[in-house]
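So you can see what is in the structure, the chains are spelled out below.
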Amino acid sequence: MIAVIGAGAWGTALAQLLGARGPVRLWARDAGLARAINATRENAPYLPGVRLSERVEATGELDARDACAVLVVVPAQHLRTILGQLPPGTAPLVLCCKGVEAGSLWLMHEVAGEAQSGRSIAVLSGPTFAREVAKGLPTAATVAHADLDAARALATLFEGTNLRPYTSTDVVGAEIGGAVKNVLAIACGVVEGAGLGSNARAALIARGFAEMTRFGLARGARAETLAGLSGMGDLVLTCSSTQSRNFSLGVGIGEGRSAAALLANRRTVAEGASTAPVLVEAARAAGVEMPVTDAVCALLGGAEARGVIDRLLARPVRAEG
């Protein structure tokens, strides 16, 4: 049995994907949601219209001691609390959340290593819209673990599914790509919402990728990981579609709506909004310049979009890199 902790859209999609191979237990923070999923075979609030496999059993009880693997799909800023409540066990954790913890500036695998010491910890990251995965459309992602044999073993969880896993030992790189792209997707959404055109969005993706690379290398990531599925691949996906919660948030900001109001009216989490201020702090601590990330942070704080864009365009001319 595989346990999936977190019954949002992505957690439910992963449960559906893995349910094609065997039993899956899907934990929902709301016990009422768990009961509704079991009764209707649908997660109506988060993944409506997808009929879930009979092998997916939802539960409100946070206990995965009988699982062979535990996929953790919860908001980044809640990871420490939820893993602190999870009973100890030996099954490996596969972290499917993307962000940097506020305060500690730790990546998710560092948080999990402290909250569930003794467990093997991997990361699953890549260009993966939940609805497409749940519908069985082709997908590829990176399974990263410090030990290559462990990464390969965890990749076998996805054999026979529509998700093709690639393995890596660069856990830091896989995590940083996933965290930074969420912030950059907000920026690209602002460009779309403000009607600034495709040229501006392409330039922003390229310059954003340069920021991701600078920050990643400063934190010990490998350049080839950031250029792969969990970095550039995920960046391109989330910077070009309103299926991305971060991109759609940016569109609203670019159209002139309040970031605070947009976030207050959401059921789902746009991780980039929580990650942006933490990433700004982490970049400063690492001595890395990230002007696009700084701009997103200003926009989330209520700055007017046109003024922020003008300041970015007015930056001094410099060599590309």
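Look up a bit, the structure's there.
For clarity, every value in this text was computed on a predicted model and none was experimentally measured.

Focus: unusual backbone geometry
The phi torsion at arginine 41 lies on the positive side, around 60°, for a residue other than glycine. Within the fold, arginine 41 resides in the loop between α2 (31-40) and β3 (56-59). The exposure class assigned to arginine 41 is buried, which follows from its relative accessible area of 8%. Its identity is not glycine, yet leucine 105 carries a phi of approximately 65°, on the positive side. Tracing the sequence through the fold places leucine 105 in the loop between β5 (93-95) and α4 (108-115). Residue class for leucine 105 comes out buried when judged on its relative accessible area of 14%.

Observations concerning helix α7 (residues 171-193)
Between its terminal C-alpha atoms α7 stretches 34 Å, which fits the 33 Å expected from 23 residues at 1.5 Å a residue. Within α7, 22 of the 23 residues are buried, leaving the element largely enclosed by the surrounding structure. Just downstream of α7, glycine 195 is the residue with a positive phi angle, here 70°.

A short note on the side chain of lysine 98
Along the chain, lysine 98 falls in the loop between β5 and α4. Overall, the relative accessible area of 14% leaves lysine 98 in the buried class. Side-chain polar atoms of lysine 98 contact the backbone oxygen of glycine 126, separated by 3.3 Å.

Side note on the pairing of strand β6 (residues 121-125)
Two faces, one strand: in a regular strand the side chains alternate between the faces of the sheet. With five of five residues buried, β6 is to be regarded as a mostly interior element. Burial along β6 is two-sided: Ile121, Val123 and Ser125 and Ala122 and Leu124, pointing in opposite directions, are all buried. In the sheet, β5 pairs with β6 via three bridges, with the strands oriented parallel. Its bridge partner lying in β6, leucine 95 is registered against valine 123. Of the strand pairs in this sheet, β6 and strand β7 (residues 139-144) are connected by three bridges, and their pairing is antiparallel. What sits directly across from valine 123, in β7, is alanine 144.

Points about the nonpolar core
Counting 47 residues, the largest nonpolar core has Val180, Phe215, Leu249, Ile253 and Leu300 as its most contacted members. Residue assignment for this core shows that the elements contributing at least two residues are α7, α8 (198-218), α11 (245-254), α12 (259-264), α13 (271-286), α14 (291-300) and α15 (305-313). With 12 residues, the single largest contributor to this core is α7. Here isoleucine 253 is in contact with Ile186, Val190, Ala259, Leu262, Leu299, Leu300 and Ala305, once residues within four sequence places are set aside.

A short note on the pattern of salt bridges
What the rule picks out here adds up to 13 salt bridges. Across the salt bridge formed by aspartate 63 and arginine 65, the nearest N and O atoms sit 2.6 Å from each other. Note that lysine 98 and aspartate 234 form a salt bridge whose closest N and O atoms lie 2.6 Å from each other. You can see lysine 98 sitting in the loop between β5 and α4 and its partner aspartate 234 sitting in helix α10 (residues 229-238), a full 136 residues away along the chain. Residue classification places aspartate 234 among the buried positions, given a relative accessible area of 1%. Several salt bridges converge on common partners, so that one network encompasses Arg41, Arg51 and Glu54.

So, the sheet that holds strand β4 (residues 69-72)
If you trace the eight strands from one edge of the open sheet to the other, you get β3-β2-β1-β4-β5-β6-β7-β8, paired in mixed fashion. The sheet is open, and its two borders are formed by β3 and β8 (163-168), each paired with just one other strand. Pairwise comparison of adjacent strand axes, ignoring direction, gives a mean angle of 25° for this sheet. Contacting β2 (24-27) and β3, α2 runs over the sheet at an angle of about 155° to β3. Each of β5 and β6 touches α4; the most contacted strand, β5, lies at about 150° to it.

What about the packing of aromatic side chains?
Counted by the stated rule, this structure contains zero aromatic pairs. Lying across the ring of tyrosine 166, arginine 164 places its NZ or CZ 4.7 Å from the centre.

Observations regarding the environment of threonine 225
With respect to the helices and strands, the residue threonine 225 is situated in helix α9 (residues 223-226). Exposure remark for threonine 225: the relative accessible area of 9% places this residue in the buried category. Sequence separation between threonine 225 and glycine 173 is 52 residues; the distance between their C-alpha atoms is 5.6 Å. In contact with threonine 225, other than residues within four places in its own chain, are Ser168, Asp170, Gly173, Ala174, Ser230 and Gly231.

Reading guide: rules and limits
Residues numbered from 1 in each chain as written. Predicted model: local features only at pLDDT ≥ 70, side-chain atom pairs only at ≥ 80, totals over all residues. Heavy atoms only, no water. Helix = DSSP H or I, 4+ residues; strand = E, 2+ residues; numbered from the N terminus. Buried < 20%, exposed > 50% of the residue type's maximum accessible area, 1.4 Å probe, protein only. Expected span 1.5 Å × (residues − 1). Polar contact = N/O pair within 3.5 Å; in protein donor to acceptor, adjacent residues only side chain to side chain. Pairing = 2+ DSSP bridges. Core = buried A, V, L, I, M, F, W, Y, C linked by side-chain atoms within 4.5 Å. Contact = heavy atoms within 4.5 Å. Salt bridge = Lys/Arg side-chain N within 4 Å of Asp/Glu carboxyl O. Axes fitted to C-alpha atoms, helices over the stretch in contact; angles between N-to-C directions. Phe/Tyr/Trp six-rings, centres within 6.5 Å; stacked < 30°, edge-to-face > 60°. Lys NZ or Arg CZ within 6 Å of the ring centre and 35° of its normal.

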